[in-house]
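Tertiary structure, described
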Amino acid sequence: MNKLLLSIALLFCISANAQQYSNPVVNYSLPDPTVIKADDGYYYLYATENIRNLPIHRSRDLVNWTMVGTAFTKETRPTFEPKGNLWAPDINKIGNKYIMYYSMSVWGGEWTCGIGVAEADKPEGPFTDKGKLFRSNEIGIQNCIDPFYIEDGGKKYLFWGSFHGIYGAELTDDGLALKKDSRPVQVAGDAYEGTYIHKRDGYYYLFASIGRCCEGLNSTYTTVVGRSKNLFGPYVDKKGKPMMENHHEILIGKNEAFVGPGHNSEIVTDDAGADWMFYHAVSVANPEGRVLMMDRVDWQKGWPSVAGSTPSLKADAPFIAKEEATAALDAFNAAFYNPEMKLYAISSDGKGRAAIWVQAIYWDMVMNAYKRTKSPEYRRLMEDIYQGGYEQYDKYNWDNKIEWFIYDDMMWWIISLARAYEITGEPKYLAHASSGFYHVWKESYDKERGGMWWNFKHDGKMSCINYPTVVGAMTLYNITHDPDYLEKAKEIYAWSLGVFFDKKNGRVADNMHYHFQRQNSMDIDWTTQLYNQATFIGSAVMLYKATGEESYLKEAILAADHVRREMCDADGLLPFKNGIEQGIYAAIFAQYIIRLIEDGNQPQYLEWLRRNIDTAWQHRDKKRNLTFKNAAVPCPDGVMESYDASGCPALMQVVAKPESCAATTK
């Protein structure tokens with residue numbers, strides 16, 4: 001695609017998804033903001049402690065923010081200024097650590113104040129204080145607050161200052177101390193505080209604030225800017241007059257709705273290439289505190305500008321593109337997840353509760369999304385779905401034969417509970433999984449003839465209980481290393497291989513019943529089902545990984561090849577069926593084919609799966625981002641069943657495209 005077509009496509013995408021936001025984006029006091037996009041894909045914003053111990057907020061889209069905690073606690077907060085407050089943090093990623101510089105001062109303590117540094121492994125903390133870098137009375141510079149970190153030319157620097165000059169100095173390689181013999185250099189006059197430096201097109205832009213910050217409706221704070229060809233200046237205004245003599249250009253001033261707009265954050269670039277800046281202001285309508293504001297920064301003739309040079313009231317929101325896999329699952333959840341029930345509905349009109357066994361498959365989808373993104377949102381949803389099952393299914397009471405009325409319904413949940421333990425390490429998941437497995441084994445295992453009965457009547461054996469039993473046993477074996485699980489898995493696999501598996505072409509039978517006239521004679525139904533092929537593949541790969549026996553891997557490949565060559569259509573699209581709940585089969589296939597690809601080192605299936613994903617996604621309902629089980633046709637635009645919409649988003653969680661573009665800060 002050439003650049004013109006790419007630009008047209010991007011503009012169309014932005015137009016189709018354009019939304020608006022209103023200022024303030026957070027309507028309570030969050031002064032002196034600093035923001036970063038973290039490794040988990042979320043934006044994190046930190047602010048002066050009008051909320052004690054430095055509040056941390058998180059957002060996916062830069063508009064909707066949720067408080068996720070504080071950087072410090074009463075016990076861990078810095079102490080080098082014992083009665084001081086924590087002001088104006090500055091967040092950065094240095095190496096594999098999140099490094100936060102902060103100011104600590106009492107009001108008016110311009111010679112005892114100073115700048116400290118803390119570090120954390122995660123953007124939401126907890127932060128460990130590494131102590132002060134310096135105090136004003138130690139380096140002879142009055143009012144050392146408002147730190148800002150920047151890297152340039154392979155070196156690390158810190159800038160700071162408040163109405164007694166803006167200064168900069170070089171830091172050590174880890175950013176945790178001033179470099180030995182590094183002397184502060186003044187770069188701007190005594191009119192400024194709240195420094196931020198942004199490099200663009202060969203210029204360094206020094207943003208700062210002038211005026212009074214904190215006098216409510218009488219605040220005169222104003223955001224200003226100058227520029228230089230060098231990091232340490234000289235910074236000048238458009239006429240070439242120096243910031244050392246307090247000359248500058250006004251970027252954001254007051255209007256009828258907001259006064260005192262200042263102490264801006266880093267510039268954030270959205271996925272359409274637009275730049276955005278956070279800052280605080282005092283709302284005329286509600287002058288308590290300094291609320292969080294956001295505005296777009298445009299660039300004209302080499303200088304930044306904000307529309308009208310004042311805070312916006314309402315404007316088009318930043319464009320933050322979701323990775324397709326995330327967009328697909330979020331759309332699925334928006335259409336089918338019932339947050340009150342904490343489980344999934346049958347259909348997109350919110351009616352009913354989806355079948356008990358498919359709830360576990362949907363839970364797997366969320367777990368795979370969490371493994372892919374490490375998103376706290378998906379982690380919370382994992383817990384919510386567990387809780388929904390706990391509340392709806394008698395606290396996972398496996399003896400309840402009303403809620404649990406066939407053995408495979410139990411086993412799907414047992415597998416998912418064990419997976420939840422693998423991901424989180426929380427004992428409750430393992431307790432339910434292990435007790436459930438032994439309940440099913442005790443009730444379903446046929447001691448005389450082998451294999452697992454499907455239902456409580458013990459009148460048939462099906463692939464859909466036998467192969468999931470192998471998967472369940474192997475998942476628990478991988479967790480506990482109890483050889484009893486491995487032996488049970490081997491036994492059921494061997495029995496099922498002799499009954500359900502066609503060793504010539506890799507097809508898996510659906511079920512068998514003992515003939516009522518001939519003792520031990522089997523009537524086998526060789527109807528192939530995608531989910532049976534899936535769990536056979538999963539069983540074989542898990543045994544191969546545990547034992548190293550090549551026969552298991554060869555059987556998994558044979559079953560996968562049967563799906564691709566015999567069950568798919570001429571274009572290689574996965575089969576679908578129209579029976580009750582049968583739309584879920586592709587979602588189950590996703591869970592196990594990826595094990596063959598990754599654990600069995602068989603990447604030859606990726607292109608085929610990607611083609612299935614791309615075809616379904618191209619045919620999605622673009623208003624809802626929902627896909628259909630028949631990938632070859634456009635997704636219906638009316639009421640849909642959750643089963644029929646699950647296949648593509650499930651595949652996307654395990655065979656996801658990398659993000660092509662990411663918003664940046666700093």
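Structure shown above.
Given the structure is predicted, the values throughout are model-derived calculations rather than measurements.

Below, the discussion takes up the pairing of strand E11 (residues 148-152). Counting buried positions along E11 yields 4 of 5 residues, so the element is predominantly enclosed. Note that E11 and strand E12 (residues 155-160) share 5 bridges and pair antiparallel. Bridge assignment links Ile 150 to a residue of E12, and that residue is Tyr 157. The hairpin turn running from E11 into E12, its antiparallel successor, is 2 residues long, and Gly 153 in that turn takes a positive phi close to 60°.

What follows covers helix H14 (residues 647-654). Taken across its 8 residues, H14 has 8 buried, putting it largely inside the fold. Along H14, the residues classified as buried are Gly 647, Cys 648, Pro 649, Ala 650, Leu 651, Met 652, Gln 653 and Val 654. Buried residues along H14 sit against helix H3 (324-336), helix H4 (356-373), helix H12 (585-598) and helix H13 (606-618).

Further remarks concern the nonpolar core. Counting residues in hydrophobic clusters, the biggest one holds 130 residues, and the most contacted among them are Trp 363, Phe 589 and Leu 596. Here the element with the most residues in this core is H4; it accounts for 12 residues. When sequence neighbours within four positions are dropped, the list of residues in contact with Leu 596 reads Ile 537, Val 541, Leu 553, Ala 556, Ile 557, Ala 560, Asn 601, Gln 602 and Tyr 605. Counting 35 residues, the second largest nonpolar core, distinct from the first, contains Ile 166, Tyr 192, Trp 299 and Trp 303.

Before going further, it helps to spend a moment on the state of the cysteines. Counted under the stated rule, the structure contains 1 disulfide. Looking at the unpaired Cys 113, the closest cysteine sulfur is the one in Cys 144, lying at 6.0 Å. With relative accessibility at 0%, the residue Cys 113 sits in the buried group. You can see Cys 568 has no disulfide; the closest cysteine sulfur is in Cys 648, sitting 14 Å from it.

Reading the values: the criteria
- Residues numbered from 1 in each chain as written.
- Predicted model: local features only at pLDDT ≥ 70, side-chain atom pairs only at ≥ 80, totals over all residues.
- Heavy atoms only, no water.
- Buried < 20%, exposed > 50% of the residue type's maximum accessible area, 1.4 Å probe, protein only.
- Helix = DSSP H or I, 4+ residues; strand = E, 2+ residues; numbered from the N terminus.
- Pairing = 2+ DSSP bridges.
- Contact = heavy atoms within 4.5 Å.
- Core = buried A, V, L, I, M, F, W, Y, C linked by side-chain atoms within 4.5 Å.
- Disulfide = S-S within 2.5 Å.

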